[in-house]
Amino acid sequence: MSKLYLVRHAKAAANFAEAADPGLSEEGREHAVDLALKLESLGPLPILCSPLQRAQETAAPLANRWGEVAEISSAVAEIPTPPDIAAEGLAARGAWLKRIAGQRFADQPGILRAWRQGVVGSLLSCRRDMVIVTHFMVINAALGAALKDDRLVLFQPDYCSCTIFENSEGSLRLLERGAEAATQVL
């Protein structure tokens, strides 16, 4: 059994519809430092991180405190935008994400179902306790797998919230849901 601490990245300088890969806002950088102080007593643990800048910048203060180097993995990256939507630009991407948020994976194109399988498979392959700095939709995909719920969005994890799962006997089990955003993200 291993505990997986899924942390949503800190507040980015731009949203999903405004920039493809923004870094953290000033507030986000402050929250990343606060997160490192909060999680410091858990480790040092390995850190797995999305390749996106906002996740890497969130992981950096904790990695520095532990003397660790975060392993970058596309398996915990943001939900992929289907090519036809991506071709329309960033604004279309934001509208698409809002539209699908209330839907189920079974009704999505293969690229999204495969992404979810990849996320869950990656988490199930973790054999040690670890911190995973990732994204809103990744945390929801993990929660859906743990609860056997096919919806894309089950809750609104706040920035720097930590949702804890146990990887046990080939399945994810929710131990603790992270803090929920005071305002709706989607």
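Here the structure is shown first, and the text comes after it.
Model, not experiment: these values are computed from the prediction.

## Section: the sheet that holds strand 3 (residues 71-72)
As summarised here, the arrangement of the six strands in space is 3-2-4-1-5-6, forming an open sheet in which the pairing is mixed. Each end of this open sheet is capped by a strand with a single partner; those strands are strand 3 and strand 6 (171-176). Two elements, strand 1 (residues 2-8) and strand 4 (residues 130-134), share five bridges in a ladder whose sense is parallel. Pairing of Tyr5 across the sheet is with Val131, part of strand 4. Contacts from helix 5 (residues 110-124) reach strand 1, strand 4, strand 5 (162-168) and strand 6 within the one sheet, and its direction differs from that of strand 6 by about 80°. Its contacts with the sheet place helix 6 (residues 136-147) against strand 1, strand 4, strand 5 and strand 6, and it is angled at close to 110° to strand 6.

## Considering the side chain of Ser2
You can see Ser2 is positioned in strand 1. Apart from residues no more than four positions distant in its own chain, Ser2 is found in contact with Cys126, Arg127, Arg128, Asp129, Phe165, Glu166 and Asn167.

## Observations concerning the packing of helix 1 (residues 26-39) against helix 2 (residues 53-66)
Close contact between helix 1 and helix 2 brings their axes to 8 Å; oriented N to C, the two are set at 40°. Judged by the inter-axis angle, helix 1 sits oblique to helix 2. For the pair helix 1 and helix 2, the sense of crossing is right-handed. Taken together, the residues of helix 2 that come into contact with helix 1 (itself represented by Ala32, Val33, Leu35, Ala36, Leu37 and Leu39) are Glu57, Thr58, Pro61, Leu62, Arg65 and Trp66. Classifying every residue of the contact of helix 1 with helix 2 by side-chain character gives nine nonpolar, one polar and two charged.

## A few points about the pattern of salt bridges
Here the structure, examined in full by the defined rule, presents eight salt bridges. Note that Arg116 is salt-bridged to Asp150, the shortest N-O span being 3.1 Å. Taken together, the residues Arg116 in helix 5 and Asp150 in the loop between helix 6 and strand 5 connect sequence positions 34 residues apart. Owing to a relative accessible area of 22%, Asp150 belongs among the partly exposed residues under this scheme. For Asp149, the salt bridge goes to Arg151, with nearest N and O atoms at 2.7 Å. Note on Asp149: relative accessible area 15%, which makes it buried. According to the relative accessible area criterion, Arg151 is partly exposed, its value standing at 34%.

## Overview of helix 1
Over its 14 residues, helix 1 runs 20 Å from end to end, which matches the ideal 20 Å to within 8%, given 1.5 Å per residue. Of all the positions in helix 1, only Gly28, Ala32, Leu35, Ala36 and Leu39 are classed as buried. Buried residues in helix 1, looked at end-on, bunch into an arc of 100°, giving them a common side. Packing partners of the buried residues in helix 1 comprise strand 1 and helix 2.

Criteria and thresholds
Residues numbered from 1 in each chain as written. Predicted model: local features only at pLDDT ≥ 70, side-chain atom pairs only at ≥ 80, totals over all residues. Heavy atoms only, no water. Pairing = 2+ DSSP bridges. Helix = DSSP H or I, 4+ residues; strand = E, 2+ residues; numbered from the N terminus. Contact = heavy atoms within 4.5 Å. Axes fitted to C-alpha atoms, helices over the stretch in contact; angles between N-to-C directions. Parallel < 35°, antiparallel > 145°, perpendicular 65-115°, else oblique. Left-handed = near helix turned anticlockwise from the far one by under 90°. Nonpolar A, V, L, I, M, F, W, Y, C, P; charged D, E, K, R; others polar. Salt bridge = Lys/Arg side-chain N within 4 Å of Asp/Glu carboxyl O. Buried < 20%, exposed > 50% of the residue type's maximum accessible area, 1.4 Å probe, protein only. Expected span 1.5 Å × (residues − 1). Arc of directions from axis to C-beta.

Taken by themselves, the reported measurements are silent on function.
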